[in-house]
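Understanding the architecture of this molecule
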Amino acid sequence: MNKPKISLLRTYIVSALAVLVIILIVPLVIMPQLSKIREKNLQVKEGRERLEALKQKIEGLNKIDGEDESLQLFEVEKSVPSDKKLAPLIVGIRNLAGQTGLRIVEMNLKPGKVATASAVASTKTKDKTKSTQATATTAEEKDRLTLTVKLEENSDTALDKIKNFLTALEKTKRLLGVSSIGALRSSEGKTYTFDLAISTPVKQITSCEGSQAKTSNSSSCPDIVAKPLPSLSGDNENVLKYLSQLEDYTGIVVPLVPTGVENPFQ
Amino acid sequence: MAESTRDINLITGIAEEEVKTGGYRRKINVVVIAILLLVAVVIACLFGYWLYLISWGTRIESQTKSAQDEISSKENQRKEITRRALVVKVDEAQKFLSSTVPFSISLDKLIGLLKDSGSTLDSSKFTNDGKMTVGGEAPASDNFGKLVDGLTNEQLAKTFGNVNLTSLTFTEDKPFYTFTIDLRFLEKGLLKKNGGGTPEK
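Residues numbered from 1 in each chain as written. Chains lettered and ligands numbered in written order. Predicted model: local features only at pLDDT ≥ 70, side-chain atom pairs only at ≥ 80, totals over all residues. Heavy atoms only, no water.

Here we look at the environment of L175(A)
Within the fold, L175(A) resides in the loop between α6 (155-169) and β3 (177-185). Taking the C-alpha atoms as reference points, L175(A) and V80(A), 95 residues apart in sequence, are found 6.7 Å from one another. If we ignore the near neighbours within four places in the chain, the residues touching L175(A) are S79(A), V80(A), S199(A), T200(A), P201(A), L243(A), L246(A), A93(B), F96(B) and L97(B). (Helix = DSSP H or I, 4+ residues; strand = E, 2+ residues; numbered from the N terminus. Contact = heavy atoms within 4.5 Å.)

The following block contains the structure:
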């Protein structure tokens, strides 16, 4: 009985071994290779998409008229400056009030809750528990500079003058907006006092927004090189056109005096 | 003789089995070799495709590098920085212009109504959410009526809304009506809605 069994085993041993080899090849060779191929394929796909993005970006960059956009940026910088230069703003508002015949009695500045990058970080850690709305308000305050101005004028003409002042204020190249107005007539009825809160936008360009000189591995600015170029929409063009027609009251060069000396006005 | 016949029978049986086994073995071997060849071909294809992907990846990498170099050229860097800064600033300007309340319009309309009605403005408070509180004096009820009519006039329906009389007093010491009105200024944004890009006159 055993003899035929051994004979049968001898007959099929090679075939059985071959089947075993095939069975082992699948998990040991084919599956890892498939996994490698999948990874590489993904890598190649990502690389291809990135290359496509880069090519599109080059195409976009070639279409840009560098000189023209530099001039546009120079003009927009007058409307939305990157820094909170106060002197030209104060002088500009004073001139504007003077032109409309109003007298500035008092001026206070609120440079915004968050004024510097370090302050942003500190605010972020402190205000973790605050609501989203509060965070949004803080972010908005960062990009705003608020002045409170008290103006005074005789009753007869005061209302017309403040109206003219507001009309001119709304058409300044350095964007100025009124957040609130309070008007009060004196008990004798001779003068009006106006309390105005004027805000102006300030926008600093962060390295992510403005620069592409970053590596693709940077966590704060993910792959800025392949980031598509932002396009100027029709609305943007309208804003540019609007800004170009505004009057520049604050483009005043205020001479700087030396600091750290006994008499800076010498 | 009988023994010889039995022997012959036995030899025939063994020979038949051997022939059968040999045939099976050959067939199985052919099948196994074919399967082995097929597996080898599959493995070769997989390796070949993998090598192709590697070479393709290398080619993409070199093209990406040259594209990156082109983008990082001084001229293109300057263009990109300018474009990004310009868009950020224009967006900020747009945000500011659309959120700012044109107070000059509200004041202009209000001054007109006060003058027409013969009333005087004593105090007012306007905030950028559109809330307005107007306090003043009217020499007679007719004057006050004119002012209210003006504020609630259909022509100004797009400018003023939610007009509420908060207080109206008349005392014999002061020969006029003192009033406080709460209302809403409905216009918002300094940019013209049609996108004409011209400042409001």
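Regarding the confidence of the model for chain A
Mean pLDDT over chain A: 79, with 77% of residues reaching 70 or higher. Here residues 212-218 of chain A scores under 50 on pLDDT; set against residues more than four positions off or in separate chains, the count is 16 contacts. (pLDDT = per-residue confidence, 0-100.)

Some details on helix α4 (residues 141-151) of chain B
Residues and elements named next belong to chain B. For α4, the set of buried residues is N143, F144, L147, G150 and L151. Seen along its axis, α4 keeps its buried residues to an arc of 125°; they face one direction. More than 90 degrees from the buried face of α4, the exposed residues found are D142, K146 and D149. Its buried side turned inward, α4 meets α3 (103-117), β2 (131-138), β3 (160-170) and β4 (177-185). (Buried < 20%, exposed > 50% of the residue type's maximum accessible area, 1.4 Å probe, protein only. Arc of directions from axis to C-beta.)

Remarks on the interface of chain A and chain B
A common way to state how big an interface is: give the accessible area lost once the parts meet. Contact residues are listed per partner, giving 88 residues for chain A and 77 residues for chain B. Here D160(A) makes a salt bridge to K115(B), at a shortest N to O gap of 3.0 Å. Taken together, the connections running from chain A to chain B amount to 24 residue pairs in polar contact (both at pLDDT 80 or more). Of all the elements in the fold, those that place two or more residues in the side of chain A that touches chain B are α1 (2-63), α2 (66-79), α6, β3, β4 (191-201), α7 (207-210) and α8 (234-244) of chain A. The element best represented in the side of chain A that touches chain B is α1(A), accounting for 25 residues. Of the residues contributing to the side of chain A that touches chain B, the split by class is 43 nonpolar, 24 polar and 21 charged. Where β3(A) meets strand β1 (residues 120-127) of chain B, 5 bridges bridge the pair, whose relative direction is antiparallel. Residue pairing across strands places S180(A) opposite T127(B), the latter belonging to β1(B). (Salt bridge = Lys/Arg side-chain N within 4 Å of Asp/Glu carboxyl O. Polar contact = N/O pair within 3.5 Å; in protein donor to acceptor, adjacent residues only side chain to side chain. Nonpolar A, V, L, I, M, F, W, Y, C, P; charged D, E, K, R; others polar. Pairing = 2+ DSSP bridges.)

Here we look at helix α3 (residues 86-99) of chain A
All names here are of chain A. Between its terminal C-alpha atoms α3 stretches 20 Å, which fits the 20 Å expected from 14 residues at 1.5 Å a residue. Restricting attention to buried positions, one finds in α3 the residues P88, L89, V91, G92, I93, L96 and A97. On its buried face, α3 sits against β1 (103-110), β2 (144-154), α6 and β4. G101 sits one or two positions beyond α3 and adopts a positive phi of about 85°. (Expected span 1.5 Å × (residues − 1).)

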